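Now for the letters of each chain:
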Amino acid sequence: MKSKVLGMLAAILFCGTLNVQAQYYDHKHEVGISIGGGANTQIIGGLADIMEVAVDEMVSRAITAGQVGGHYSYSDKSEFPALSVEYYYRLSKVVGIGGFLAYNDLKRDMYIDYQDAQGKKTRSDKVGVAKRSNFSIIPAVKIDYLRKKNFGMYTKFGFGLSMMYEKQKDDEVGEVYSHTDYNVNFQASLLGIEAGSPKLRGFLELGVGEQGLALIGARYKF
């Protein structure tokens with residue numbers, strides 16, 4: 001009799017353990033937020049930098065009586081890192097489909113170089129700000145190949161579109177340049193590691209793409 005009772009208790013505990021493990025796999029939705037560096041549009045933007053714009057002849061006469069250089073000059077670069085928000089719907093324990101929205105930007109101060117009659121630079125005055133903003137929408141697939149109660153490993157692949165918008169504004173005369181480019185873009189997180197509770201986890205990803213060469217974040221599963 002005693003052995004039967006112990007056997008029943010063991011069976012109940014075993015079923016309870018299976019149920020706890022199953023609850024982790026039962027989630028259908030994942031939402032997350034991350035920040036990274038080395039996004040594709042940051043690298044492309046860094047190579048291209050801000051578009052050099054010629055100083056308009058009227059601006060030249062109005063501000064410096066004609067004694068200015070032929071172009072604005074740029075300095076003091078600042079960057080906003082790659083910020084993204086993501087969502088995935090789980091088709092199975094392994095595969096989730098969804099994607100992410102991403103944003104980053106680059107800012108540079110704009111200067112006009114004053115010159116004398118012989119073309120020698122006399123001074124530079126800050127006159128505005130040049131800014132390039134990058135917005136991306138990337139549908140993606142997340143593949144969880146290691147799934148534990150408090151730890152997981154995965155890969156993620158996505159392909160989508162980025163909009164690169166540049167605007168330069170002179171404080172005296174207003175907008176002097178604006179341009180928008182659209183480019184195909186992608187994300188390939190070759191190594192993803194997440195850890196925490198079954199529902200709330202921090203994560204780290206290494207790879208290449210619009211979320212960055214390396215990124216960290218947090219996600220919630222429900």
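Residues numbered from 1 in each chain as written. Predicted model: local features only at pLDDT ≥ 70, side-chain atom pairs only at ≥ 80, totals over all residues. Heavy atoms only, no water.

S.K.: Looking at this model, I keep getting lost on the overall build of the chain. Mind explaining?
M.R.: When helices and strands are counted, the chain shows 3 helices and 8 strands. Mapped from its N terminus to its C terminus, the chain presents α and β elements in the order α-β-α-α-β-β-β-β-β-β-β. The 222 residues of the chain split such that 36% are buried. In the chain, once contacts between residues fewer than 6 apart in sequence are set aside, the share between residues at least 24 apart is 63%. When the accessible surface of the chain is totalled, it reaches about 12,300 Å², and 64% of it is carbon and sulfur. (Helix = DSSP H or I, 4+ residues; strand = E, 2+ residues; numbered from the N terminus. Buried < 20%, exposed > 50% of the residue type's maximum accessible area, 1.4 Å probe, protein only. Contact = heavy atoms within 4.5 Å. Areas by Shrake-Rupley, 256 points an atom, 1.4 Å probe, with all protein chains shown as cover.)

S.K.: How do you make sense of the pairing of strand S7 (residues 200-209) when you look at a structure like this?
M.R.: Moving residue by residue along a regular strand, the side chains alternate between the two faces of the sheet. Here 9 bridges tie strand S6 (residues 174-196) to S7, and the two strands are oriented antiparallel to one another. Counterpart to Gln187 in the pairing with S7 is Gly209. The antiparallel hairpin formed by S6 and S7 contains 3 residues in its connecting segment. Bridge analysis of S7 against strand S8 (residues 214-221) gives 7 bridges, and the strand direction is antiparallel. (Pairing = 2+ DSSP bridges.)

S.K.: Would you explain the environment of Pro81 in this entry?
M.R.: Topologically, Pro81 is positioned in strand S2 (residues 68-90). Sequence separation between Pro81 and Tyr103 is 22 residues, and the spatial gap between their C-alpha atoms is 8.0 Å. Residue contacts for Pro81: discarding those within four places in its chain leaves Ile35, Gly36, Gln42, Tyr103 and Asn104.

All quantities given are derived from atomic positions and should not be read as evidence of function.
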